[in-house]
Amino acid sequence: MSARLKPPAASYGFINTCLKSLVVEKFGEETWTKLRDEAGVQDTFLTYEVYEDEITMQLVTEACRLLEMKPELVLNQFGEYFFEFCKRSGYDHMLRTLGGDLFEFIENLDALHSYLALSYKEINAPSFRVEKNQENTMFLHYYSDRRGLCHIVPGIIGAVAKDFFNSEITMEIVNQLEELGRTGKKEHVVFLVTQQPATTAAGSIVVSNTDGPSKLTKSLRPQIGRCKTMILSKEPIIQKSSSVSFSVYRSHWETVRDLVRLGKGKLLKGFQPVYPRSLNIDLKTFCNVFPFHIIFNEQLVVCQAGVNLQRIVPGLQTVNIHVDQYFSIMHPEVPFTISSIRTFINSHFVLQTRRDMMPRAWRDRPMLQLRGQMIWMSSLGCMLYQASPLLRSLQELEERHMHISDIAPHDVTRDLILLNQQRLAEIELSNQLERKKEELHLLSQHLEEERKKTENLLYAMLPKHVANQLKEGKTVEAGEFKECTILFSDVVTFTNICTQCEPIHIVLMLNSMYLRFDRLTTVHNVYKVETIGDAYMVVGGVPIPVSSHAERVANFALGMILAAREVINPVTGGPIQIRVGLHSGPVLAGVVGEKMPRYCLFGDTVNTASRMESHGLPNKIHLSPSVYQSLRDKNFVIQKRGEIEVKGKGRMTTYFLERNIGVSEEQIMGFPVLDPGSGQDHGQISYRPSLWRPGAPAIKTRDSESYGSLHTDDQSEDGVQDQLKETDETQMKHFGQLETKHEEQQLDDLVDDRHQAIVEQQGNITAMGTSPPNNQNKRARTRICVIL
């Protein structure tokens with residue numbers, strides 16, 4: 001495909017816009033986006049803006065590859081759609097008036113392109129020439145500077161024949177060659193066009209009268225005359241010699257010719273013009289009335305020229321000068337010979353003056369172009385070129401030092417220049433509007449991207465449904481959650497690590513750890529409440545109630561232990577150790593503050609969970625009795641620790657969570673695991689449906705909905721792994737410069753210091769309706785806030 005499609009020039013954005021519209025309409029917006037990205041082009045194109053042909057070629061090439069279609073099929077389909085796109089764009093009436101049949105339509109295509117050149121100054125349109133062959137066939141000659149696009153032509157012509165002339169055609173390439181033209185090599189393709197008779201919805205044949213009455217029509221005239229048929233005969237006509245019945249549609253003018261009689265029974269078969277015996281116009285009048293005509297013979301010797309053309313090109317006043325010495329044929333690109341001109345006699349011809357033959361005053365000006373018709377006068381053996389100046393605007397008229405008065409009063413070029421001047425102003429205004437529209441589109445896209453970033457940041461700070469209520473200006477009322485599971489974790493000997501390391505090393509270590517923990521919140525659908533220093537707090541069942549909250553948080557805790565093995569202790573050089581504590585119970589949750597609103601949890605459950613963590617052991621998951629009751633029949637391996645003294649709680653029987661025998665470590669970590677037998681991904685843990693009790697807040701239960709952690713849904717698994725890897729490499733780079741030291745202290749020395757920043761005493765607030773008995777239980781009420 002790339003070898004055939006050679007981009008030689010430029011084209012207008014109208015073409016690329018049509019191609020985009022085709023892909024979006026037929027294959028969807030996603031296909032266009034992918035095609036645009038693969039081709040490396042912009043998303044929108046301005047109608048009157050000129051773009052390199054290479055853009056169009058890249059789009060066509062990528063479309064063939066992406067859609068897995070042959071180039072011929074893609075181009076043919078584009079041709080069909082291009083015709084419909086032109087009709088939608090306001091060219092419908094213009095196209096319908098080009099000709100009464102397909103032959104006349106194709107014959108006037110070059111004239112249409114010439115008109116469009118008034119608005120599209122840099123248009124490089126193909127050229128068409130048509131020759132009648134046998135009945136219902138013709139040869140279509142296609143010339144273009146763009147090689148490899150000839151398959152668009154059957155799509156366009158086929159759509160025209162079907163829509164305008166209600167007929168089907170077939171087109172096949174009978175010859176394809178390259179010709180050397182004025183602007184270089186041109187592709188010349190000859191199509192054999194076979195036109196099938198038009199059919200109606202009922203299957204009746206429409207008899208065309210393009211080449212005169214057919215034999216069938218002549219044979220039916222006596223019957224039509226006897227029956228005094230209407231203008232359009234629809235009744236079946238049954239001939240005695242045949243048992244076949246069929247319907248014949250006759251054109252209006254054919255029937256009129258059969259019915260109208262002149263004089264004594266003579267039929268009016270057609271218009272016959274009447275010519276005078278001699279030409280009743282003198283030479284001076286003719287040369288003044290047609291000031292830009294030229295007559296030359298077969299040797300190209302100028303016999304006659306208009307007066308204004310003689311004034312601009314004084315050399316035409318010289319006797320026996322040749323027209324090709326002063327003019328070049330710009331369109332069609334053919335040699336300046338009588339035979340070539342007669343071959344393209346039905347095309348419009350554009351001649352341009354030669355700069356080296358013009359007077360000195362004209363050599364610095366743009367060359368004069370003439371547009372007109374070649375007429376062969378066989379009786380004189382001469383060619384008449386009746387033309388007008390090809391001018392698009394008043395500016396071009398001034399650049400050639402010409403005036404409106406130089407153009408004959410009867411010449412519509414006068415009106416065309418004035419009308420096109422207004423149209424060019426409208427086109428410029430349309431271009432400005434399109435550019436503003438494109439700028440607004442880009443600004444809208446950027447605004448949408450920034451809005452998504454803002455929402456993601458907001459959803460990271462607050463639960464999604466809470467954030468949406470705040471955005472709408474609503475007040476978020478506090479809600480009571482009768483069952484939830486809270487998790488606390490911290491790093492063992494964190495105070496010791498801080499005293500022996502640089503702050504940057506602490507930041508890198510915590511970032512590496514929290515990135516892994518944040519990803520696990522998305523895996524197990526738990527809500528990250530906050531982090532303070534090395535402390536990490538998570539809750540399950542809040543803000544969206546789920547019956548499996550204890551299982552989710554337990555699996556999350558197991559994942560934390562596994563993830564912590566990958567985080568390096570900057571002091572020892574080995575993996576860090578963490579403590580994890582879990583407790584289940586009721587809490588009260590709500591939004592506090594207006595300037596920086598925070599989603600807070602209140603209740604004794606928070607304090608008890610914190611005690612489970614602070615009284616735990618390194619790399620152990622410490623469970624309270626309530627969590628044990630929720631997990632004991634759920635495939636979890638739990639070891640009884642025994643009865644211990646818990647600060648502020650008295651003696652409690654606690655437990656250690658060992659593992660989950662129902663899932664693998666890869667599933668705990670959320671990594672994809674393929675089943676060798678079925679090939680399916682079993683990386684996601686499935687939780688039972690939520691069964692919330694009637695006393696819970698009126699919030700829709702959705703086990704699968706994300707709680708809006710800092711790790712958003714837009715972040716892919718591969719992106720997380722790359723980020724973790726990059727963090728680990730940075731951490732190793734900094735930690736490699738430290739000496740390996742190992743120091744352990746008693747765990748109880750760090751408990752009070754670590755929790756002093758997390759737990760606030762609220763002695764005057766009752767814990768979920770329960771008052772503390774004495775001052776020793778002032779820490780029973782705890783408030784934890786979300787901190788970004």
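What counts and what doesn't
Residues numbered from 1 in each chain as written. Predicted model: local features only at pLDDT ≥ 70, side-chain atom pairs only at ≥ 80, totals over all residues. Heavy atoms only, no water. Helix = DSSP H or I, 4+ residues; strand = E, 2+ residues; numbered from the N terminus. Contact = heavy atoms within 4.5 Å. Areas by Shrake-Rupley, 256 points an atom, 1.4 Å probe, with all protein chains shown as cover. Salt bridge = Lys/Arg side-chain N within 4 Å of Asp/Glu carboxyl O. Buried < 20%, exposed > 50% of the residue type's maximum accessible area, 1.4 Å probe, protein only. Axes fitted to C-alpha atoms, helices over the stretch in contact; angles between N-to-C directions. Parallel < 35°, antiparallel > 145°, perpendicular 65-115°, else oblique. Left-handed = near helix turned anticlockwise from the far one by under 90°. Nonpolar A, V, L, I, M, F, W, Y, C, P; charged D, E, K, R; others polar. Core = buried A, V, L, I, M, F, W, Y, C linked by side-chain atoms within 4.5 Å. pLDDT = per-residue confidence, 0-100. Phe/Tyr/Trp six-rings, centres within 6.5 Å; stacked < 30°, edge-to-face > 60°. Lys NZ or Arg CZ within 6 Å of the ring centre and 35° of its normal. Pairing = 2+ DSSP bridges.

K.L.:
How do you make sense of the overall build of the protein when you look at a structure like this?
P.N.:
Helices and strands together make up the secondary structure of the protein, namely 23 helices and 28 strands. A separation threshold of at least 6 residues defines the contact pool for the protein, and within that pool the share at least 24 residues apart is 64%. As displayed, the protein has an accessible area near 42100 Å², and 52% of this comes from carbon and sulfur atoms.

K.L.:
Looking at this structure, how should I read the pattern of salt bridges?
P.N.:
Pairing between side chains of opposite charge can happen when the charged atoms of each approach one another. Evaluation of the coordinates by the stated rule reveals 32 salt bridges. Put simply, R146 and D53 hold a salt bridge, and the shortest N to O gap is 2.7 Å. Highlighted residues: R146 in the loop between strand 4 (137-144) and helix 7 (152-164) and D53 in helix 3 (residues 53-67), separated in sequence by 93 residues. Both residues of the pair, R146 and D53, count as buried. Between R96 and D92 there is a salt bridge, with the nearest N and O atoms lying 3.1 Å from each other. Note that R96 and D92 are positioned in helix 4 (residues 71-96) at a spacing of four residues, about one turn of the helix. Three or more residues joined by partner-sharing salt bridges are found here, namely E84, K87, D92, R96 and D163.

K.L.:
I'm lost on unusual backbone geometry in this one. Help?
P.N.:
Note: most residues except glycine have negative phi, and most peptide bonds are trans. With an omega of -10°, the peptide bond between H331 and P332 qualifies as cis. By secondary structure assignment, the location of P332 is in the loop between strand 16 (327-331) and helix 12 (338-343). Of note, the bond from V542 into P543 is cis; its omega dihedral lies within 30 degrees of zero at 5°. By secondary structure assignment, the location of P543 is in the loop between strand 22 (535-540) and helix 18 (549-564). Even without being glycine, H401 reaches a positive phi, approximately 55°. Classification of H401 by relative accessible area gives exposed; the value is 52%. Backbone geometry at N525 places phi at a positive 55°, although glycine is not the residue there. Mapped onto the elements, N525 comes out in the loop between helix 17 (503-524) and strand 21 (527-532). Given the relative accessible area of 8%, N525 is considered buried.

K.L.:
Would you mind going over the packing of helix 2 (residues 29-39) against helix 3 with me for this structure?
P.N.:
Packed helices, taken two at a time, are described by the angle between their axes plus the distance between the axes. At a minimum axis separation of 9 Å, helix 2 and helix 3 run at an interaxial angle of 125°. Classified by the interaxial angle, the pair formed by helix 2 and helix 3 is oblique. Crossing angle aside, the handedness with which helix 2 passes helix 3 is right-handed. The residues of helix 3 that touch helix 2, namely those facing T31, W32, K34, L35, E38 and A39, are Q58, L59, E62, A63, R65, L66 and L67. Partitioning the contact of helix 2 with helix 3 into residue classes produces seven nonpolar, two polar and four charged.

K.L.:
What's the story with the nonpolar core in this structure? I'm lost.
P.N.:
In summary, soluble globular proteins display a tendency toward joint burial of nonpolar side chains. L59, L95, L102, F105, I106, L140 and F191 are the most contacted members of the largest nonpolar core, which totals 61 residues. Examining the composition of this core, we find that 10 residues originate from one element, helix 4, more than from any other. Residues within four places of L59 in sequence aside, it is in contact with N16, L19, W32, L35, A39, V41 and F45. By size, the runner-up hydrophobic cluster in this structure holds 42 residues, among which are C501, F517, V538 and V663.

K.L.:
Just checking my understanding: could you explain the confidence of the model for the protein for this structure?
P.N.:
In low-pLDDT segments, the atomic positions of the prediction should not be examined closely. Confidence along the protein averages 76 in pLDDT terms, with 74% of residues attaining 70 or more. Low pLDDT, under 50, characterises residues 259-268; the stretch is placed with eight contacts to residues that sit more than four places away or in other chains. Below pLDDT 50 for its whole length, residues 735-788 participates in 111 contacts with residues either more than four positions away or in separate chains.

K.L.:
Sorry if this is basic, but what is going on with the packing of aromatic side chains here?
P.N.:
In this description, a pair of aromatic rings is defined by centroid distance and the angle of the planes. The tally for this structure, following the rule as stated, stands at 19 aromatic pairs. Taking the centre distance of 5.7 Å and the plane angle of 50° together, the rings of Y143 and F344 count as tilted. Of the two residues, Y143 sits in strand 4 while F344 sits in the loop between helix 12 and strand 17 (348-353), which places them 201 residues apart along the sequence. The burial state of Y143 is the same as that of F344; both residues are buried. Look at Y527 and Y599: their rings are 6.1 Å apart centre to centre, the planes differ by 85°, and that puts the pair in the edge-to-face class. Of this pair, Y527 sits in strand 21 while Y599 sits in strand 24 (residues 598-602), and the two are 72 residues apart along the sequence. For the pair Y527 and Y599, a shared accessibility class is recorded, and that class is buried. Taking NZ or CZ as reference, R129 lies 4.6 Å from the ring centre of F344, over its face. Taking NZ or CZ as reference, R365 lies 5.1 Å from the ring centre of W362, over its face.

K.L.:
It is not clear to me how the packing of helix 14 (residues 413-461) against helix 15 (residues 464-471) should be interpreted in this structure. Could you clarify?
P.N.:
Contact pair helix 14 / helix 15: the axes reach a minimum separation of 8 Å and the direction vectors enclose 120°. On the basis of their axis angle, the class for helix 14 and helix 15 is oblique. Crossing of helix 14 over helix 15 shows right-handed handedness. Contacts between helix 14 and helix 15 involve E455, L458 and Y459 from the former and K464, A467, N468 and K471 from the latter.

K.L.:
How do you make sense of helix 6 (residues 109-116) when you look at a structure like this?
P.N.:
An α-helical turn contains 3.6 residues, so a residue and the one three or four places further along point in the same direction. In terms of burial, helix 6 is largely enclosed, as six of its eight residues are buried. By the burial criterion, the buried members of helix 6 are L109, D110, L112, H113, S114 and L116. Those residues of helix 6 hidden inside the fold are in contact with helix 4, helix 5 (102-107), strand 3 (127-132), strand 16, strand 17 and strand 18 (369-377).

K.L.:
Would you mind going over the pairing of strand 25 (residues 620-623) with me for this structure?
P.N.:
Two faces belong to every sheet, and in a regular strand the side chains alternate between them. Relative to strand 25, strand 23 (residues 578-592) runs parallel, the two being bridged by four bridges. Residue pairing for strand 25: G581 is matched across the bridge by H622.

K.L.:
Whenever I open this one, helix 19 (residues 604-614) confuses me. Can you help?
P.N.:
Of all 11 residues in helix 19, 10 are buried, a share of seventy percent or more. Buried within helix 19 we find T605, V606, N607, T608, A609, S610, R611, M612, E613 and S614.

K.L.:
Just checking my understanding: could you explain the pairing of strand 15 (residues 302-305) for this structure?
P.N.:
Where strand 14 (residues 294-297) lies against strand 15, three bridges are found, and the strand directions are antiparallel. Bridging from a neighbouring strand, I295 pairs with Q304 of strand 15. From the end of strand 14 to the start of strand 15, which pair antiparallel, there are four residues, and L300 there has a positive phi angle of about 65°.

K.L.:
Help me understand the sheet that holds strand 14 in this model?
P.N.:
To summarise the sheet geometry, strands pair through backbone hydrogen bonds and adopt either a parallel or an antiparallel arrangement. Read across the sheet, six strands follow the order 15-14-19-18-17-16 without closing on themselves; strand pairing throughout is antiparallel. The open sheet has two edge strands, strand 15 and strand 16, and neither has a second partner. Here the strands of the sheet are splayed against their neighbours by 30° on average, with no regard to which way each runs. Relative to strand 19 (residues 382-389), strand 14 is paired through four bridges, and the arrangement is antiparallel. Paired with I295 across the two strands is L384, which belongs to strand 19.

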